[in-house]
Structure formats: C-alpha cells, structure tokens
Amino acid sequence: MDAQENPLSDPAALPDLEPATRRIAALLGQVDDSRLDGPTPCPDYAVRELLGHLTGLATAFRDAARKDLGASTAVSPDAGLPVLDDDWREVLHRRLEEVAAAWRSPDAWTGMTRAGGVELPGEVAGAVALNELVVHGWDLARSTGQPYAAGEAELRSCEALLAPAEDGPNGSPEDGSPEDGSPEDGSDGDSLFGPPVPVPGDAPLLDRVIALTGRRPDWQPGS
C-alpha cells in the first residue's frame, strides 16, 4: 500500500476522538451528586462507577496513544469497581481533552501499544478508544436522562469493531478472526460489553451499534 492509499499517512484522514469527548464533557454539567447512585445500562455500575470508568479509560488510552506504557495501561478494566475521586469533574474534563489531543498525533496510530493490559496495534487501540467513548457516552446520557447523538463516521467505526465477522463457506469467519467479532488479541477488553441483542435491520445506526454491545437501545433507568 502506498502513502496515498494509507489513511494513517494523512493526518486529516485519521479518526477524530474529539467529538465523542466533547459530548461526554457536555453531559457532565447535568450530573449532580444526587445522580451518582443511579443505575446505568452496565448492571454492575452505578453512575459513579461509570464516571470512574470513563476517567480511567481516558487516562489509559491517552497513555496508550503516547506509548507511555505504565500502570495506567496495565490494569484490566474488570480488575475491580472503579473509584470516583472527589475532584472527578475537573479531572475527567482534563482527561477527555488529553485523550482527544493524544490521538490527533499520527504516531499514536502506528506501532504497538498497550491498553487494559493487552498489547495491540496503535490503529486498533485508537478504534477501541473511540468505541469506548461513544458507547459509554451513550451509557451516561441514558443514565442521566439526556439526549445523545453520534456522527456516522464514529458509529461506522464502532460497528466495524463490534460486528461479528461474516461466516465463510464452512461456518467459520472468512478472515480467520474470532467468531464474536472482537479483535484476535482480546483488545476490546471491556467486561461491560455483552453478547449482541437483536434489533430490526432498519433500526437507526446508533441503536444497532448499542445492541452490538449487549445493551437494549430502549434502556431507561428502572427498566
């Protein structure tokens, strides 16, 4: 593949995480302390744990983009319930800005890196980071009764990452990837994502993406 065919050679063609991070930041203004113990689409998480998870993943994927492979990139996301610190508002806003900025560097998308204790190519890590931000942004919006919309390019990236591979003639994925559609290296790494739930074929793209994570697109608190 020559430079003109490789999107990673053109910074303008790289996926942009900033819209997803800005949406999350906008949601935070409506999250007061009275909402922190409310339910989320992630059964084991209240809103406070979801916010803690967002802070942790933004930190981990910022460092993964920078190839700063330390404690933040070594911890599995299912190692324990996230803890929400008292200064979470300031810290999460800052981390969201930092992770978006880190993935604007073309170098972030090349070579190998690590996230959630898993070694993976930079371009896969970037796609996983975008997926995490889009899906958990939806989680936060639903948990706090706020509207949520994502761009088509973001959703197509998430769909490509999450969708099961098409079966080949012998009932196995044609490209040799795992049947559940996750990267071969296990880089989805998120125990908050479950088996897909069925939705109509003509459902909105956002609903189809959310369903691929095991969530009901019509989920509401108390449902």
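Quick summary incoming for the structure in this document. Keep in mind that this is a model prediction, so the values were computed, not measured.

### Description of the overall build of the protein chain
Looking only at helices and strands, one finds seven helices and two strands in the protein chain. The 223 residues of the protein chain split such that 46% are buried. Taking the intrachain contacts of the protein chain between residues at least 6 apart in sequence as the baseline, contacts between residues at least 24 apart amount to 68%. Summed over all atoms, the accessible surface of the protein chain reaches about 11,000 Å², with 50% contributed by carbon and sulfur.

### Observations concerning the packing of helix H1 (residues 18-28) against helix H4 (residues 88-102)
Two elements in contact, H1 and H4, have axes whose closest approach is 9 Å; the angle formed by their N-to-C orientations is 170°. When the axes of H1 and H4 are compared, the pair comes out roughly antiparallel. For the pair H1 and H4, the sense of crossing is left-handed. Along the contact surface, H1 presents Glu18, Thr21, Ile24, Ala25 and Leu28, while H4 presents Trp88, Arg89, Leu92, His93, Leu96, Val99 and Ala100.

### Details of H1
Buried residues of H1: Ala20, Thr21, Arg23, Ile24, Leu27 and Leu28, and no others. Around the axis of H1, the buried residues are gathered within 155° of arc, so they sit on the same side. Within H1, the exposed residues directed more than 90 degrees away from the buried face are Arg22 and Ala26. The inward-facing, buried residues of H1 contact helix H2 (47-66), H4, helix H5 (122-143) and helix H6 (152-162).

### So, the packing of aromatic side chains
The final tally for this structure, using the stated rule, is one aromatic pair. For the ring pair tryptophan 103 and tryptophan 109, a centre distance of 5.0 Å and an interplane angle of 70° mean the geometry is edge-to-face.

### Details of unusual backbone geometry
With a phi angle near 60°, lysine 67 is a residue other than glycine that sits in the positive phi range. Checked against the element boundaries, lysine 67 lands in the loop between H2 and helix H3 (71-74).

What counts, and at which threshold
- The residue numbers shown here count from 1 along each chain, following its written sequence.
- Local features in this predicted model are restricted to residues of pLDDT 70 or higher, and side-chain atom pairs are both shown and tallied only at a pLDDT of 80 or more, whereas totals for entire chains, interfaces and linings draw on every residue.
- Only hydrogens and water are removed before side-chain values are computed, so all heavy atoms of the structure are retained for them.
- What counts as a helix is a DSSP run of H or I of at least four residues, what counts as a strand is a run of E of at least two, and both are numbered from the N terminus.
- Only protein chains enter the calculation, and the probe is 1.4 Å; a residue is then buried if its accessible area is under 20% of its type maximum, exposed if over 50%, and partly exposed in between.
- Any two residues having at least one pair of non-hydrogen atoms within 4.5 Å are treated as being in contact.
- Computed with a 1.4 Å probe, the accessible areas rest on the Shrake-Rupley method; for each residue, only the protein chains presented here act as cover.
- Note on method: axes are straight lines fitted to C-alpha atoms, helices fitted across the in-contact stretch only, with angles between N-to-C directions ranging 0 to 180 degrees.
- If an angle is under 35 degrees, it is roughly parallel; if it is over 145, roughly antiparallel; if it lies from 65 to 115, roughly perpendicular; otherwise it is oblique.
- Rotating anticlockwise by less than a right angle from the far helix to the near helix defines a left-handed crossing, while the corresponding clockwise rotation defines a right-handed one.
- Here the arc refers to the set of directions running from the helix axis out to each C-beta atom.
- When two rings of Phe, Tyr or Trp (its six-membered ring) have centres within 6.5 Å they constitute a pair, described as stacked for plane angles under 30 degrees, edge-to-face for angles over 60, and tilted for the intermediate range.

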